[in-house]
Structures are given as C-alpha cells and as structure tokens.
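Topology and contacts: notes
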Amino acid sequence: MTEKVPTRATIEAAHALVKPYIHHTPVFTSQFLNELSGAELYFKCENLQKIGAFKARGGLNAVLSLSAEQLANGVVTHSSGNHAQAMAFSAQKVGAKCYIVMPDNSPKVKIAAVEGYGATITFCKNTPEDRQRTVDEIVARTGATFIHPFNNYEVITGQATASKELIEDVAVTLDAIIAPVGGGGLLSGTALSVKYFSPRTKVYAGEPEGAADAVLSFKSDKIEKAPYVNTIADGLLTYLGDKTFPIIKEEVTDILTVSDEEIVQAMRYLWERMKIVVEPSGAVSTAAVLKNKAVFAGKKVGIIISGGNVDLGKLPF
C-alpha cells in the first residue's frame, strides 16, 4: 500500500480499477431545494451506490490494490457500518476472508448487510481505542491485512472518484462542492479531485454539532477530539487521521456545523421532495447548505449525498 498522497494519475487509475464493480451514480437536481437555498444544487447520489454508500469506492480500491500475498489471510477493518459493508463486499469479490470490528450499537440494518456479504463480525465498545485494540487482536491471531476506514491513501483515492464523476457529469463549472466529514476519507478525496479536475471550485464540509472535531482541528491546526459526541449521524462519529487532516487543512475552504434538528429537516426534504432514501450522515451536506444560504447564494453547488443505509425501524420522522 502506498504512503503517498493521491495524485491526478492515481485517482484516474483508481477510477478505472473500481468502475467494473460500482454504479456510476446519478446527479439529481431539485427546483424546490434550489429555490429554498437560493443556489443551483447538484446532488451526487451515492446513496444509490453499491452497498448504499460511497464507501464501496474506497473499499474496492484498497482491496483490489492488495497483492495475493496480502490477501492470503484476509482483510480486517473497523467500522460502524458503511465501510464495513464496503470491505465485506470487496473481499467477497476477490474471494478473500473478511473480519469486521463493529461497535455494539451499530445500526441493525448495517450489521445485517455485513453478515450478508459473508464477513465475520466482532463487536466492541464504540470508542476509537476499543475498535483499534480489537482489530490488533484479530491481526495478531489471523495475519489479516488491516485497511483503515479512512486514514489510508488507497481508500482516500477511491473516495475521490465520486467527486471526479460529479465534476465530469455536470455541464457547468461548480462554484463549490460540499461533502460530509467524519474521519475525512470522503472529504480529503473530494478536495483532491477538485484540486486536479476543477481547481476553480471551492470545497466545503458539513459536520454534526454533536461530533464537531473536524471544525476544531481545522481551526487549531492539530487533530482534535470532539468535546462531546451525541448525534443522529452515526456514520460521522470519528475524528480525522494524520493522512486526511493535512489534505483537508490545505485544500478545504471551510467546515460548517449543523444540529441534529437541521439534519432531520434536510432528510425530510430529500425524502419528500426528491423521493430518495438518505441516512442522517448523508443529509449533513444538504443541511449545511440550507443553514448557510449566504455562503452559497447564487452559486452552483455540488452536494455529495454520502449514503442511504438508514434503519427504517428508527426513522426520525
């Protein structure tokens, strides 16, 4: 696995590598949301991606980039759900064993999906320390290759292909692209794609107030932990890594926080007006645009809807 920041060439190569296995997801528009926001919005619908989230891109690129020797004892990762599904899906494609460490409070819909791809799940407490400790135990026992859910350049490179497609598919030059941020894999990948393929475009992030570590890190210039963690956006409950943070600090214009109430309202709009199933984490970018109308007024804005794996038994409306 490479230890170099993704380049234009490596993002193009990753796109060619994962294309046979993923959906080229559509870009939707909404007159209602355009009028509500005062902007021209283009929604990249990664909720319609394989496994229901953009994570399929990074998981596939990381697994497909491994040698036969690295795959021999399987792969292992930790994830609350979407990266777990991506890794299980990717391992299944190459016939490798897959071990997943999941927090014991992960959404049931995501647990069931991971099991459906044939992965072996080990549950742990929902802290970064417990996740990593459990992974280390599995690596020691099995010899599996660890693929970090976001702090891995192959994963970042794979995630960059989503915004690459968005830039190529929209007929106009976007003034801005906004992605949600948890660990920063999607955001750093988005920022790099913008740098190489649409340098006039600014990159923003949306982050829940209840997991606001990235905005603190962005302001203090060092990786911070959130002062408290309590948000409906379960896919964003982690902090930045030493690979994602420098890219974000260098290439991202601003990180905008939103409340759970604002996330739920954005979900409602996306479900009711656009007829698409979006999970809370996937609605964060939309919520940030609607909250910060002055920032985006009159601009052409790409919004990455990151996933649609919502537990239908626990809808917030």
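What you are looking at is a predicted structure, and each value in this text was computed from that prediction instead of being measured.

Here we take up the pattern of salt bridges. Going through the model one piece at a time under the given rule, you end up with 14 salt bridges. Between Lys110 and Asp234 there is a salt bridge, and its shortest N-O distance comes to 3.1 Å. Of the two residues, Lys110 is situated in helix 6 (residues 108-116) and Asp234 in the loop between helix 10 (213-220) and helix 11 (244-251); the sequence distance between them amounts to 124 residues. Its relative accessible area of 1% is what places Lys110 among the buried residues. One network of salt bridges, in which partners are shared, links Lys44, Glu46, Arg57 and Glu165.

Attention now goes to the packing of helix 3 (residues 55-64) against helix 5 (residues 82-94). Where helix 3 contacts helix 5, the axes come no closer than 8 Å and their chain directions differ by 40 degrees. Relative to helix 5, the element helix 3 is oriented oblique. For the element pair helix 3 and helix 5, the recorded crossing hand is right-handed. Where helix 3 approaches helix 5, its residues Lys55, Ala56, Gly59, Leu60, Val63 and Leu64 are matched on the opposing element by Asn82, His83, Ala86, Met87, Phe89, Ser90, Ala91 and Val94. Class assignment for the residues of the contact of helix 3 with helix 5 results in 9 nonpolar, 4 polar and 1 charged.

This paragraph deals with the packing of aromatic side chains. The relative placement of two aromatic rings is captured by the distance of their centres and the angle of their planes. Throughout the structure, instances matching the rule amount to 4 aromatic pairs. For the ring pair Phe89 and Tyr117, a centre distance of 5.7 Å and an interplane angle of 70 degrees mean the geometry is edge-to-face. Of the two residues, Phe89 sits in helix 5 while Tyr117 sits in the loop between helix 6 and strand 5 (120-124), which places them 28 residues apart along the sequence. Among the residues examined, Phe89 registers a relative accessible area of 5% and is labelled buried.

Conventions we followed
- Residues numbered from 1 in each chain as written.
- Predicted model: local features only at pLDDT ≥ 70, side-chain atom pairs only at ≥ 80, totals over all residues.
- Heavy atoms only, no water.
- Salt bridge = Lys/Arg side-chain N within 4 Å of Asp/Glu carboxyl O.
- Helix = DSSP H or I, 4+ residues; strand = E, 2+ residues; numbered from the N terminus.
- Buried < 20%, exposed > 50% of the residue type's maximum accessible area, 1.4 Å probe, protein only.
- Axes fitted to C-alpha atoms, helices over the stretch in contact; angles between N-to-C directions.
- Parallel < 35°, antiparallel > 145°, perpendicular 65-115°, else oblique.
- Left-handed = near helix turned anticlockwise from the far one by under 90°.
- Contact = heavy atoms within 4.5 Å.
- Nonpolar A, V, L, I, M, F, W, Y, C, P; charged D, E, K, R; others polar.
- Phe/Tyr/Trp six-rings, centres within 6.5 Å; stacked < 30°, edge-to-face > 60°.

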